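Observations on the model geometry
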Amino acid sequence: MSSENSSADDVQRVWDVVVVGAGPAGASAAYAAAVAGRRVLLLEKAELPRYKTCGGGIIGPSRDALPPGFELPLRDRVYAVTFSNNGRFTRTRRSKQMLFGLINRPEFDQQLVEHAQKAGAELRTGVTVQRVEQHGSAVPDRRTVAVILQGGEVLLARAVVGADGSASRIGAHVGVKVGQVDLGLEVEIPVPETVAEDWKGRVLLDWGPMPGSYGWVFPKGDTLTVGVISARGEGAATKRYLEEFVGRLGLAGFEPSISSGHLTRCRADDSPLSRGRVLVCGDAAGLLEPWTREGISFALRSGRLAGEWAVRIAEAHDAVDTRRQALNYAFAVKAGLGVEMSVGKRLLTVFERRPGLFHAALTSFRPAWRAFKEITQGSTSLGEIVRTYPVAQRALTALDRRPAATGDEVSPSQ
């Protein structure tokens, strides 16, 4: 930035980048912009640390997207997965290498924010953003965005990153369109040492009774995170599934320390990722894997991209250059995360109709288990598997076309 601009900005206190939301996406964006030497303000409406409804699984792509020197606050390391199909045909598969790690979100998010602060980002908590404006009396020029807080305070920025979650106000400004909404319900259950020991190093994935639903058990020391997810609109059935799931696991006698719910929103294919000098990332952009609804890796990766491109937008001197950089950001997101999402969407469609087939493949078909391992460990992705193995592409296409099974499909392990 030129010295004349710097002195003008000091009078008005214009930030290079303002990031709204201090979850994994926002903290990653703030870190990326701050590391580039820009003046970055990170806003968060809650006080940190704060609880988030989230399984807390850290797969390979999440680990690879973390800032240098970041030490994961792992509560457990997963080497085994027990699969069941609505409580039946249970089978456990094991790996010599760690599949993925488990974290508690309050600790993880706090640590990410601290890395952003160390890189030079400034943090303000307990502030709610009401709206952003790119035209009007609050905006001094076309290179500036006004971020208006509850109470009327106006912050000025050269670029804004919206990372304020699935009910994002910044997403509404950008015009984010949603193609899939799911309801996740979760309980944190403190358990005695004997129970905790039984779950150590192992997670459970249960394919649920409603189309596209599944449940999970993630062990974190003396607490088990137990959750289920299903399409929105099935609230009563989803709640019943969680209750039955907890009962089936023999955990109904333990009092949960936290019981929570959360809507996940997955973007439509034509949903915008920017408007003017405002970018969105993570949940605010509807970026998550449609089948598993895994969002942490999408938040970390899209957040980093958003931070990098926000720096370029902050430097853009006119609307044409701003538009070019915003399109480049959208291309970067779609080229990587978008490809994974499109494969995930196809997998979800098949899974909704044929969960038993997925169960049979993961428990009895070695290449399917190997693909699961490599994806969770981060050595490949859904997109790469379909691109690299023509047989996977053909199988997916064939399954897309097949009618749903008429009855319950039976796993070979029955």
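For the structure, see preceding data.
Being a predicted model, the structure only gives us computed values, none of them experimental. (Residues numbered from 1 in each chain as written. Predicted model: local features only at pLDDT ≥ 70, side-chain atom pairs only at ≥ 80, totals over all residues. Heavy atoms only, no water.)

**Quick look at the pattern of salt bridges**
The condition that has to hold: By convention in these notes, a salt bridge is any Lys or Arg side-chain nitrogen within 4 Å of a carboxyl oxygen on Asp or Glu.
As enumerated under the stated definition, the model contains 17 salt bridges in all. Because the salt bridges share partners, they merge into one network encompassing E44, R50, R105 and D109.

**Some words on the packing of aromatic side chains**
Put simply, the rule reads: Any two rings among Phe, Tyr and Trp, with Trp reduced to its six-membered ring, count as a pair given centres within 6.5 Å; such a pair is stacked if its planes are under 30 degrees apart, edge-to-face if over 60, and tilted if neither. Runs of E in the DSSP output that reach at least two residues are strands. Runs of H or I that reach at least four are helices, and both are numbered from the N terminus. Summary of the burial criterion: residues with accessible area below 20% of their type's maximum are buried, those above 50% are exposed, and those between are partly exposed, where the area comes from a 1.4 Å probe applied to protein chains only. We call a charge positioned above a ring when the Lys NZ or Arg CZ atom is no farther than 6 Å from the ring centre and deviates by at most 35 degrees from the ring normal.
If you walk through the whole model with that rule in mind, you get 14 aromatic pairs. Measuring from ring centre to ring centre gives 6.3 Å for W207 and W291, while their planes differ by 25°; the resulting arrangement is stacked. Linking W207 in strand 13 (residues 202-207) with W291 in the loop between strand 18 (278-280) and helix 8 (296-315), this pair joins segments that are 84 residues apart in sequence. Overall, W291 belongs to the buried group, its relative accessible area being 12%. Here the aromatic residues F83, W207, Y214, W216, W291, F351, F358, W369 and F372 are joined through ring pairs into a cluster of three or more. Between the NZ or CZ atom of R13 and the centre of the ring of W15, over which it lies, the distance is 4.1 Å. When the ring centre of W199 is taken as origin, the NZ or CZ atom of R202, which lies over that ring, is 4.3 Å away.

**Observations regarding unusual backbone geometry**
Most peptide bonds are trans, and most residues other than glycine sit at a negative phi. Cis peptide bonds are those with omega within 30 degrees of zero, and the linkage from L48 to P49 qualifies with -5°. Tracing the backbone through its elements, the reader meets P49 in the loop between strand 2 (40-44) and strand 3 (57-58). A positive phi angle, near 55°, is found at F89, a position not held by glycine. As for its placement among the helices and strands, F89 is situated in strand 6 (residues 88-94). Looking at F89, the relative accessible area reads 16%, which means it is buried. In this structure, R293 is a non-glycine residue whose phi angle is positive, near 60°.

Don't take any of this as a statement about function, it's just geometry.
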